[in-house]
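# Summary of the model geometry
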Amino acid sequence: MKKTFMILGIVILVLIVAAVIFFYTNRAKRANLMVEKSLPHLEALVVQNLPAEFSKEQVQEQFHKFSEKFKTGEYDKQEMQAFFMKFKSAMDDKKIDSTEVKSILASLEKLSK
């Protein structure tokens, strides 16, 4: 009985170590996947709370440009981090107002150039 539990414990330990190694080596891919999957949601939230001075098509075009740059890897990582931090701070109160949308769009414009 002791041998069985020891072997089972070793197998579980090996699986845990393998999972940690797998997730560590693929962390960049997982981060990129999360960003790609979250962009349509971010776009929908921004378009939903869009101020009158911005057009829906203009915002969608900026998101599309950024998405293409992100897929090719031609983006400034610090600017992208600033963009997501602005978005995170805008969502702290669970709503986005027009001033927060303007700030997010300004940051997105920097990213999409």
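When the terminal C-alpha atoms of helix H5 (residues 98-112) are compared, their 20 Å separation across 15 residues agrees well with the 21 Å that a helix rising 1.5 Å per residue should span. When H5 is considered as a whole, its buried residues turn out to be Val101, Ile104, Leu105, Ser107, Leu108, Leu111 and Ser112. The buried residues of H5 occupy one face: seen down the axis, they fall within an arc of 165°. Of the exposed residues in H5, the ones pointing more than 90 degrees away from its buried face are Thr99 and Lys110. Here the buried face of H5 lies against helix H2 (27-48), helix H3 (56-72) and helix H4 (77-90).

Attention shifts here to the nonpolar core. In this structure, Val46, Val59, Phe63, Phe66, Phe83, Phe87 and Leu105 are the most contacted members of the largest nonpolar core, which totals 22 residues. Secondary-structure elements contributing two or more residues to this core are H2, H3, H4 and H5. Among the elements that line this core, the one with the most residues is H2, at six residues. The residues touching Phe63, leaving out its near neighbours within four places in the chain, are Leu39, Leu42, Glu43, Val46, Phe83 and Leu108.

Glancing now at a nonpolar patch on the surface. Together, Met1, Phe5, Leu8, Ile12, Ile16 and Val20 make up a nonpolar patch on the protein surface, roughly 650 Å² of accessible area in all. Note that Met1 resides in the segment before helix H1 (2-25). Judged by its relative accessible area of 73%, Met1 is exposed.

A few words now on the side chain of Lys69. Inspection of the secondary structure assignment puts Lys69 in helix H3. Overall, the relative accessible area of 19% leaves Lys69 in the buried class. Those residues in contact with Lys69 that lie beyond four places of it in its chain are Glu74, Tyr75, Leu111, Ser112 and Lys113.

For the rest of this paragraph, the subject is the side chain of Ser107. Along the chain, Ser107 turns up in helix H5. Those residues in contact with Ser107, other than ones at most four positions away along the chain, are Glu79, Ala82, Phe83 and Lys86.

Cut-offs applied
Residues numbered from 1 in each chain as written. Predicted model: local features only at pLDDT ≥ 70, side-chain atom pairs only at ≥ 80, totals over all residues. Heavy atoms only, no water. Helix = DSSP H or I, 4+ residues; strand = E, 2+ residues; numbered from the N terminus. Expected span 1.5 Å × (residues − 1). Buried < 20%, exposed > 50% of the residue type's maximum accessible area, 1.4 Å probe, protein only. Arc of directions from axis to C-beta. Contact = heavy atoms within 4.5 Å. Core = buried A, V, L, I, M, F, W, Y, C linked by side-chain atoms within 4.5 Å. Patch = residues over 30% accessible without salt bridge, like charges linked within 9 Å, V, L, I, M, F, W, Y side chains within 5 Å. Areas by Shrake-Rupley, 256 points an atom, 1.4 Å probe, with all protein chains shown as cover. Salt bridge = Lys/Arg side-chain N within 4 Å of Asp/Glu carboxyl O.

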